[in-house]
Structures are given as structure tokens and as C-alpha cells.
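Each chain, written out:
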Amino acid sequence: VWLGANTSLNKGAMMQYSRKILFSLIAGLLICSASFANGVLTQEAVQKMNDEFAVMNNKQNVDGVIKFISPTAEILFKMIAPGTPMHGETIKITPEQYADSMRTAWGMTDQYSYTIANEQISVSADGQSATITADVTEEMTINGQSQKASTHEVITVELVEGQLLMTKINYETTMPNQ
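Residues numbered from 1 in each chain as written. Predicted model: local features only at pLDDT ≥ 70, side-chain atom pairs only at ≥ 80, totals over all residues. Heavy atoms only, no water.

*Asks:* In this structure, what is going on with the packing of aromatic side chains? I would like to understand it.
*Replies:* The geometry of two aromatic rings is summed up by the distance between their centres and the angle between their planes. This structure, assessed with the given rule, holds six aromatic pairs. On the basis of an interplanar angle of 80° and a centroid distance of 6.4 Å, the ring pair of Phe-53 and Tyr-114 is categorised as edge-to-face. Of the two residues, Phe-53 sits in helix H2 (residues 43-58) while Tyr-114 sits in strand S3 (residues 109-123), which places them 61 residues apart along the sequence. No difference in accessibility class separates Phe-53 from Tyr-114, as the two residues are buried. Arranged with centres 5.8 Å apart and planes meeting at 55°, the rings of Phe-77 and Tyr-98 form a pair that is tilted. You can see Phe-77 sitting in strand S1 (residues 69-80) and its partner Tyr-98 sitting in helix H4 (residues 95-108), a full 21 residues away along the chain. With a relative accessible area of 23%, Phe-77 lands in the partly exposed category. We classify Tyr-98 as buried; its relative accessible area is 8%. (Phe/Tyr/Trp six-rings, centres within 6.5 Å; stacked < 30°, edge-to-face > 60°. Helix = DSSP H or I, 4+ residues; strand = E, 2+ residues; numbered from the N terminus. Buried < 20%, exposed > 50% of the residue type's maximum accessible area, 1.4 Å probe, protein only.)

*Asks:* What is the right way to look at the nonpolar core in this model?
*Replies:* The nonpolar side chains of a soluble globular protein tend to be buried, and buried together. By size, the foremost hydrophobic cluster in this structure holds 33 residues, and its most contacted members are Ile-69 and Met-166. Listing elements by their share of this core, those giving two or more residues are H2, helix H3 (62-66), S1, H4, S3, strand S4 (129-142), strand S5 (145-160) and strand S6 (163-174). Residues in contact with Met-166, not counting those within four places in the same chain, are Met-49, Asn-50, Phe-53, Phe-68, Ile-69, Ser-70, Ala-73, Ile-155, Thr-156 and Val-157. (Core = buried A, V, L, I, M, F, W, Y, C linked by side-chain atoms within 4.5 Å. Contact = heavy atoms within 4.5 Å.)

*Asks:* Would you mind showing me how to read the side chain of Thr-151 here?
*Replies:* Among the secondary structure elements, Thr-151 is positioned in strand S5. Exposure remark for Thr-151: the relative accessible area of 5% places this residue in the buried category. The residues contacting Thr-151, other than those within four sequence positions of it, are Ala-134, Asp-135, Val-136, Glu-138, Tyr-171, Glu-172 and Thr-173.

*Asks:* Quick question: what am I supposed to make of the confidence of the model for the protein here?
*Replies:* The predicted structure's coordinates, where accompanied by low pLDDT, should not be read in detail. Considering every residue of the protein, the mean pLDDT works out to 81; 77% of them sit at 70 or more. Confidence, read as mean pLDDT per element, is least for helix H1 (residues 11-37) in the protein (45) and greatest for H3 (94). Every residue in residues 1-9 scores below 50 in pLDDT, and together they form seven contacts with partners more than four places removed in sequence or on other chains. Predicted confidence is poor over residues 20-35, with pLDDT under 50, and the contacts of this stretch with residues over four places away or in other chains come to four contacts. (pLDDT = per-residue confidence, 0-100.)

*Asks:* What is the right way to read the pairing of S1 from this model?
*Replies:* Along any regular strand, the residues point their side chains to alternate faces of the sheet. Where S1 lies against S6, eight bridges are found, and the strand directions are parallel. When the sheet's bridge partners are listed, Phe-77 is paired in S6 with Tyr-171. The pairing of S1 with strand S2 (residues 90-93) spans four bridges and is classified as antiparallel. Within the sheet, the bridge partner assigned to Ile-75 lies in S2 and is Ile-93. (Pairing = 2+ DSSP bridges.)

As C-alpha cells, then:
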């Protein structure tokens, strides 16, 4: 519409100008997606993925969370919960077991929140992997009782078949005496 306001441009000039704008838009899109085209991931792409991961956690969307995790990912949980049988234990689970545990836990919650703090993302020198470290606070209400857990996360992200995926997840969760 605004091009039509400039009467000094004839139809041919307007078509050429429109093609230049379209070419610029396409080139911009290609440059934005090139962070993976050259087989190198970027800090911005990892940040965006982790932000979406947090949104899916807050929505309690198991499928949305799992889509960011490689089917072959190594997931380790260490529980710091004095006075419980799991105190100091580290368990290794599969992504499928992780999904099942989220379904079970979120199925019992009346309210849930997932908050990230102290997040740091470092990309390897070769651009093939990144490490996310963060402190996460999960607050939930189960049967009217409020519970809170603090987790230090260390997550390895890699480009797997053109997709950013979490390939190793280490959670160290502290559960205060409730």
C-alpha cells in the first residue's frame, strides 16, 4: 500500500523494488537458519530452546518437554533429601522413564511452577555442543500441601541430525525437610 503512494515509481520499478524486498527477506531467513546449516550451534539457538523447554515445563506438557531430549540421552538425578532413603543417591533413567515420572508427578499436582535462575550457556569452541548450567526452583501443591525443590542443572546440548537436543542431563535436587 505504501508503495502505491509514491507516484514517481512506475509499475516496472515497483516490481523490481518488491523483488529486492522479497530477496532481502529470504536472505535474512536463510542467514537466521544458517546457524545449523553449517553444522554449528549458537548460544542464541540454545537459549531459545531452553526458554521453550521452561515454558513446556510450566505448562506441564510432557510431550513438549520430551521433544527437546534425545531418545538416547543420559539422565542422572541426585537427590539431596536428608532423612529419606534416597538421600545422596544418584539414579540413571531413560527419557521414557523421565516422561513417565513427569506424567505421574504432574498428575498429582494442583499447582506447579518452574523457575530458572543463574542460567549460563557456553558453546564449545567447535560449535558442536553447548552446556547449560542453571538453578531451577520447582514449587508445587499436592493435596493442599506446598512443596519446593531446588535443582542445580547441568545439561549438554548437541546438534543431532539438524536438531538441537539435550544429550546429557544432570540434576542435583535438594528437598528441604517439609
